[in-house]
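# Structural overview
For reference, the chains in residue letters:
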Amino acid sequence: MNRPFNFSAGPATLPPEVLRQAAEDMLDWRGRGMSVMEMSHRGAEFSSIIEEARNDARELLAVPPEFHILFMQGGGLAENAIVPLNLLGAGSADQPMNFVLTGSWSGKSYKEAQRYGVTHLAASNQASGHSTLPLPESWNLSANAAYVHLCSNETIDGVEFHELPDLRRLGCEAPLVVDCSSHLASRPIDWSRVGLAFGGAQKNVGIAGLTLVFVRDSLLGHALPICPSAFNLKTVADNASMYNTPPTYPIYIAGLVFKWLKAQRHQGLCGLAAVEMRNIEKAKLLYDFIDASGFYQNKVDPSCRSRMNVPFHLQDVSLNEAFLAGANAAGLLQLKGHKSVGGMRASIYNAMPVAGVLALVNYMQEFTKRHG
Ligand SMILES: *Cc1c(COP(=O)(O)O)cnc(C)c1O
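Residues numbered from 1 in each chain as written. Predicted model: local features only at pLDDT ≥ 70, side-chain atom pairs only at ≥ 80, totals over all residues. Heavy atoms only, no water.

### Side note on the pairing of strand β3 (residues 97-101)
- Buried residues dominate β3, accounting for five of its five residues.
- Going residue by residue along β3, you find Met97, Phe99 and Leu101 tucked away on one face and Asn98 and Val100 tucked away on the opposite face as well.
- The sheet contact formed by β3 and strand β4 (residues 119-124) spans five bridges and is parallel. In the sheet register, Phe99 faces β4, and the bridge partner there is Leu121.
- You can see the chain leave β3, run along helix α4 (residues 104-113) and come back into β4, and the turn it takes is right-handed. (Buried < 20%, exposed > 50% of the residue type's maximum accessible area, 1.4 Å probe, protein only. Helix = DSSP H or I, 4+ residues; strand = E, 2+ residues; numbered from the N terminus. Pairing = 2+ DSSP bridges. Right-handed = clockwise from strand over helix to strand, strands pointing away.)

### Digging into the domain arrangement of the protein chain
- Parsing the protein chain into structural domains produces domain 1 (17-262) and domain 2 (267-371).
- In this assembly, 26 residues from domain 1 lie in contact with 24 residues from domain 2.
- Interface of domain 1 and domain 2: buried area, both sides summed, is about 2000 Å²; carbon and sulfur atoms make up 56% of it.
- Ranking the residues of domain 1 by area buried against domain 2 places Ile156, Gly158 and His162 at the top, with a combined share of 25%.
- Taken together, domain 1 and domain 2 are joined by zero salt bridges.
- The tally of links between domain 1 and domain 2 comes to 11 residue pairs in polar contact (both at pLDDT 80 or more). (Domains from an automatic or database assignment. Contact = heavy atoms within 4.5 Å. Buried area = accessible area lost by both parts, 1.4 Å probe. Salt bridge = Lys/Arg side-chain N within 4 Å of Asp/Glu carboxyl O. Polar contact = N/O pair within 3.5 Å; in protein donor to acceptor, adjacent residues only side chain to side chain.)

### Looking at helix α3 (residues 75-87)
- Between the first and last C-alpha of α3 there are 18 Å, a value that for 13 residues agrees with the 18 Å anticipated at 1.5 Å per step.
- At Ala81, α3 is bent by approximately 25°, the largest bend along its length, and proline Pro84 sits one to four residues beyond.
- For α3, the buried fraction is high: 12 of the 13 residues fall into the buried class. (Expected span 1.5 Å × (residues − 1). Bend = angle between axes of the 7 residues up to and from the residue.)

### Let's talk about a nonpolar patch on the surface
- Among the surface-exposed residues, Met26, Leu27 and Met37 lie close enough to one another that they form a single nonpolar patch of about 330 Å² accessible area.
- Residue position: Leu27 is located in the loop between α1 (16-25) and α2 (44-61).
- Judged by its relative accessible area of 73%, Leu27 falls in the exposed class. (Patch = residues over 30% accessible without salt bridge, like charges linked within 9 Å, V, L, I, M, F, W, Y side chains within 5 Å. Areas by Shrake-Rupley, 256 points an atom, 1.4 Å probe, with all protein chains shown as cover.)

### Things to note about the site of the ligand
- Around the ligand, the neighbouring residues are Gly75, Gly76, Leu77, Trp105, Cys151, Asn153, Thr155, Asp179, Ser181, Ser182, Gln202 and Lys203.
- Here an oxygen atom of the ligand and a backbone polar atom of Gly76 are 3.1 Å apart.
- A distance of 2.8 Å separates an oxygen atom of the ligand from a polar side-chain atom of Gln202.
- Residue classes in the shell around the ligand are distributed as three nonpolar, seven polar and two charged. (Near = heavy atom within 4 Å. Nonpolar A, V, L, I, M, F, W, Y, C, P; charged D, E, K, R; others polar.)

### Some details on the sheet that holds strand β13 (residues 296-297)
- Strand order in the open sheet formed by three strands is β13-β14-β16, with antiparallel pairing between adjacent strands. Each edge of the open sheet carries a strand with a single partner, namely β13 and β16 (344-347).
- Alignment of β13 against strand β14 (residues 309-314), held across two bridges, turns out to be antiparallel. From the neighbouring strand, Gln297 faces β14, where its bridge partner is His313.

This is the structure:
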């Protein structure tokens, strides 16, 4: 079956190989006579599935041993509460949580954190309409920050930190908390700069219902007394993500995606390096075309454009509906931009092949000829 290309920002397109494997396993996983959805999470079958998923994630992302990999629920938004509830208990309840505000998602994190303690806005790109990134050297970090939060890829605004800040070099000893929901596993992570990183699976590594949390061992055990037990990271870690029933099917799908990512080859590279190289090429293809078109526009500063989420506008907004209808007819789905930004957005996650980006550019070119 020739499937259309799906540019949804999330839940998002999955590798066809993963969907085919899931279909094959649907009624009968490896001859056990049951689907993954019907297995006890404590049985040998599911134990092997979660164990492999965890090991493959660790290998793929080169996660050091001092980090726990947790499989949780609640999505990125729940982490906006789970993180303060877990990090503010080390006698740091009156230490400000520092936020770097770069778009919609970091804005939501900042707002939610205010429910649990003192917050401090260390930097913001509001003045540029979320189209730049404030240089770390310019951040106004609190001397006694409890932690520093940033969103490393703003899914709606299309800005991405191509490198994580080195807080130590900025004279800040607080842990860095990273919301990497929408570019998780799109490139390597410099773990030496990270205290805790989280991401929902449904953007780049699977389906909705699973949140991945990577947390340094030294940050566990500092939860506030009111932190729900099921969301206490130490409890989750001590129970290997089995304190309560984990999202079994999404973990299984993420496991298939990790195997798919590990098997990627491109230009002599393999695994995550190959995935990153292909993502760089895909993004360059699309941005170069948009910049040269004179018909479409991306407003983000080239130094911090997201490789995953490419918002763009037609100069003539009256053509928006025609653009989307034509795209659908051409097998290019879910290109409508987020309502807060308008225009279009092409999310070109790991599972979007180069052929999908070429098909989009081809359609955009044709549309220009018809309407330009
Ligand atoms: C999608 C997204 C979220 C929210 O995820 P939910 O699973 O809906 O809670 C948070 N942060 C970023 C960067 C996202 O892209």
